[in-house]
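Analysis of the macromolecular model
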Amino acid sequence: MEKAQISTEASLSMVTAETAPWKGRSLRAETLALDGGLVIDPATHAIAPGISMSVNNVLTPGDGAFSADGVSDLTALPYLYARWTNPTVRQLEQRMAAVEGTDEALATATGVAAIAATFLTLLKSGDHLIVSDVCYAGASELARRILPDYGVEVTAVNMSRIQEVAAAFRPNTRLVHCESPCNPILRLTDIAAVASLAHDRGALLSVDSTLATPVATQPASLGADLVIHSLTKFINGHGDALGGIICGSKALIEKIRSRAGVYLGASLAAQNAWLILRGIDTLFPRIRTVSQSAEQLAEFLSAHPAVRAVTYPGLESHPQHALARRQMRVFGGMITFQTAAPHAVAERLARKLKVAHYAFSLGHQRSIVVLLDTDEMMRSTYGLEGAGLDDYRAFAGDGVFRLSVGLEAVEDLIEDFDQALRP
């Protein structure tokens, strides 16, 4: 793996070469997941990040600003008020920027808050957004239902069809938003190809990389302008803290911070930032472990008599396996599979699983599976018809079981799904 260059600038007033060993050094991503943004406490010399729970900070009269207007770099100000910046949240932002190989990052209360901050900062009435026709439900519904109310034009396209993406551009296209692999059907986007299209036409590209994580893919290295994560999922990895992040250039992130970060009010709590920092410490070994387990579990499910189809980027049967090999270092912890009579199978899994859990969400340390009915997904979120619906069904059929693989012994997971799938 190539070395990732540290380019973040610490804003903590007491940061020195001794207290911040990550600064000014070229380190690999695995090390940055531990040391990026790490500040040794100057008073106690504690290594683990502390939690700064104070909403207020004392200041010298004349320090800081009471409005974001005209402030080009909020992180350069002294700490004033926790909604703007917080020492614990700031360490998280620096850690994620370091791991993603970007200049800067802005943490938010949730993943959808990060997406909303991006959309509502970069788009105004009369602008045009191109969005993946299948992506995280919160992003899809925000883009296609809410943004048009504010005069933003939105076109949803299958991001795996580069010709359709190219045809969707208009003179007023300002942003392209995609997700790879996309939730829930694990279809991929060629990030470098879409980035080239967007930049040739004067638009920006944002990539939701929640399912991939920086262990698998660093979208910024492929040309993405902004990288978004729901930190709630694999980055945190413990299912106990909500959070979101936007990573990108300092200019773009400061633009988003000065508008959405200040005025939309979706600030990340210090307690959650601390929990997520703890999760990032083990990000690389966790994702490598769940990827190895997912590959074995996907192969097992592919041969199971109760399973009709399995989608996993690491399987040669995935229609974009070649792209996955080019774009992903590991293939991740997400699997989908189809069965006959999926609702009956869902009831059986909910009743019989002993190791995995039947539940929503993903990216936790424990394995989680849930049925996503295709007709319901069309009614609630995507509204696809014709060729778009056919493309979705090619990955999901009448319904797809979304399986987030955890850290259990893969042999136990295989035995658990084997007994639960059998009538």
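Cut-offs used in this document
- Note that residues are indexed from 1 along each chain, following the sequence as it is written.
- This being a predicted model, a pLDDT of at least 70 is required before a residue's local features are given, and a value of 80 or more before pairs of side-chain atoms are given or counted; all residues contribute to the totals for chains, interfaces and linings.
- Just so you know, side-chain values use all the structure's heavy atoms and leave hydrogens and water out.
- UniProt positions are given in the numbering used here, feature names are shortened, and annotations may be inferred rather than shown by experiment.
- By the criteria applied, helices consist of DSSP H or I runs no shorter than four residues and strands consist of E runs no shorter than two, each listed in order from the N terminus.
- Between two residues, a contact is recorded if the distance between any of their heavy atoms is within 4.5 Å.
- How sure the predictor is of each residue is captured by pLDDT, a score from 0 to 100.
- At least two DSSP bridges between two strands are required for those strands to pair.
- For helices, the fitted axis covers only the stretch in contact; all axes are lines through C-alpha atoms, and the angles between them, taken along N-to-C directions, range from 0 to 180 degrees.
- Boundaries between domains were set according to an automatic or database domain assignment.
- Accessible surface is computed with a 1.4 Å probe, and the buried area is the amount of it that two parts give up when combined, taken over both parts together.
- Roughly parallel means an angle under 35 degrees; roughly antiparallel means over 145; roughly perpendicular covers 65 to 115; every other angle is labelled oblique.
- Classification of residues uses two cut-offs on accessible area relative to the type maximum, computed with a 1.4 Å probe and protein chains only: under 20% is buried, over 50% is exposed, and between them is partly exposed.
- The directions from the helix axis to the C-beta atoms form the arc being described.
- Should the near helix be turned anticlockwise from the far one by less than a right angle, the crossing is left-handed, and should it be turned clockwise, the crossing is right-handed.

Per an unreviewed UniProt entry, the recorded name for the chain is Methionine gamma-lyase, and the organism is Sinorhizobium sojae CCBAU 05684. We quote the UniProt Sequence similarities (unreviewed entry) comment for the chain here in full: "Belongs to the trans-sulfuration enzymes family."

**Quick notes on the UniProt feature "modified residue: N6-(pyridoxal phosphate)lysine" (unreviewed entry) in the chain**
Summarizing the sequence annotation, UniProt attributes the feature "modified residue: N6-(pyridoxal phosphate)lysine" (unreviewed entry) to Lys233 in the numbering used throughout. Of note, Lys233 is situated in the loop between strand S8 (226-230) and strand S9 (244-248). Once residues within four sequence positions are removed from consideration, Lys233 is found in contact with Thr210, Ser361, Leu362 and Gly363.

**A word on the confidence of the model for the chain**
For any part of a model where pLDDT is low, the fine detail of the predicted coordinates should not be relied upon. Here the chain shows a mean pLDDT of 90. Residues at 70 or above account for 90%. With pLDDT under 50 throughout, residues 1-20 is counted as low confidence; its partners more than four residues away or in other chains account for 54 contacts.

**Re the sheet that holds S8**
Hydrogen bonding along the main chain pairs the strands of a sheet, whether they run parallel or antiparallel. An order of S3-S9-S8-S7-S6-S4-S5 is seen for the seven strands of this open sheet, with the pairing classed as mixed. Edge positions in the open sheet fall to strand S3 (104-108) and strand S5 (153-157), since each of these has one partner strand only. Taking each pair of neighbouring strands and ignoring which way they run, the sheet shows an average axis angle of 20 degrees. Strand direction decides the pairing type here: S3 and S9, joined by five bridges, are antiparallel. Bridge pairing in S9 places Thr108 opposite Gly244. Helix H4 (residues 137-146) contacts strand S4 (128-132), S5 and strand S6 (173-179) of the sheet and is inclined by roughly 135 degrees relative to S5. Strand contacts of helix H8 (residues 250-263): S3, strand S7 (204-208), S8 and S9, with the helix running at about 25 degrees to S3, the strand carrying the most contacts.

**Side note on the sheet that holds strand S13 (residues 368-373)**
A sheet is described by the order of its strands in space; here five strands give the open sequence S10-S11-S14-S13-S12, paired in mixed fashion. A single partner strand is all that each edge strand has here, and the edge strands are strand S10 (307-311) and strand S12 (357-358). Pairing analysis gives two bridges linking S12 to S13, with the strands arranged parallel. Along S13, the bridge assignment pairs Tyr358 with Val369. In the packing of helix H13 (residues 374-382) onto the sheet, the strands contacted are S13 and strand S14 (399-404), and the crossing angle to S13 comes to about 75 degrees.

**Quick word on the domain arrangement of the chain**
Partitioning the chain into structural domains gives domain 1 (29-278) and domain 2 (284-421). The centre of domain 1, based on its C-alpha atoms, is set 27 Å off from the matching centre of domain 2. Tallying the contact residues gives 42 residues for domain 1 and 36 residues for domain 2. The contact between domain 1 and domain 2 buries some 3500 Å² in all, and 59% of this surface belongs to carbon and sulfur atoms.

**Observations concerning the packing of H4 against H13**
Across the interface, H4 lies against H13 with an axial gap of 10 Å and an inter-helix angle of 50 degrees. If you check the angle between H4 and H13, you find them oblique. Of the residues in H13, those touching H4 at Ala137, Ser140, Glu141, Arg144 and Arg145 are Arg379, Ser380, Thr381 and Tyr382.

**Topic: helix H6 (residues 191-200)**
Listed in full, the buried residues belonging to H6 are Ile191, Val194, Ala195, Leu197 and Ala198. Summarising the axial view, the buried residues of H6 lie within an arc of 160 degrees, below the 170-degree limit, and thus occupy one face. Against the buried residues of H6 lie helix H5 (162-168), S6, S7 and helix H11 (321-327). Count one or two residues on from H6 and you reach Gly202, which has phi positive near 75 degrees.

**Section: unusual backbone geometry**
That bond from Ser180 to Pro181 is cis: its omega, -10 degrees, falls within 30 degrees of zero. Tracing the backbone shows Pro181 in the loop between S6 and H6. Positive phi values are uncommon outside glycine, yet His45 reaches one of about 65 degrees. By the element assignment, His45 lies in the loop between helix H1 (29-35) and helix H2 (87-100). In this model, Ala341 sits at a positive phi of 45 degrees, which is unusual for a non-glycine residue.

**As for the packing of helix H10 (residues 283-302) against helix H15 (residues 410-421)**
Axis separation between H10 and H15 bottoms out at 10 Å; the angle between their running directions is 30 degrees. In terms of axis orientation, H10 runs roughly parallel to H15. Helix-helix and strand crossings are classified by hand; for H10 and H15 the assignment is right-handed. Between H10, through Ser293, Gln296, Leu297, Phe300 and Leu301, and H15, the contact on the second element is made entirely by Val410, Leu413, Ile414, Phe417, Asp418 and Leu421.

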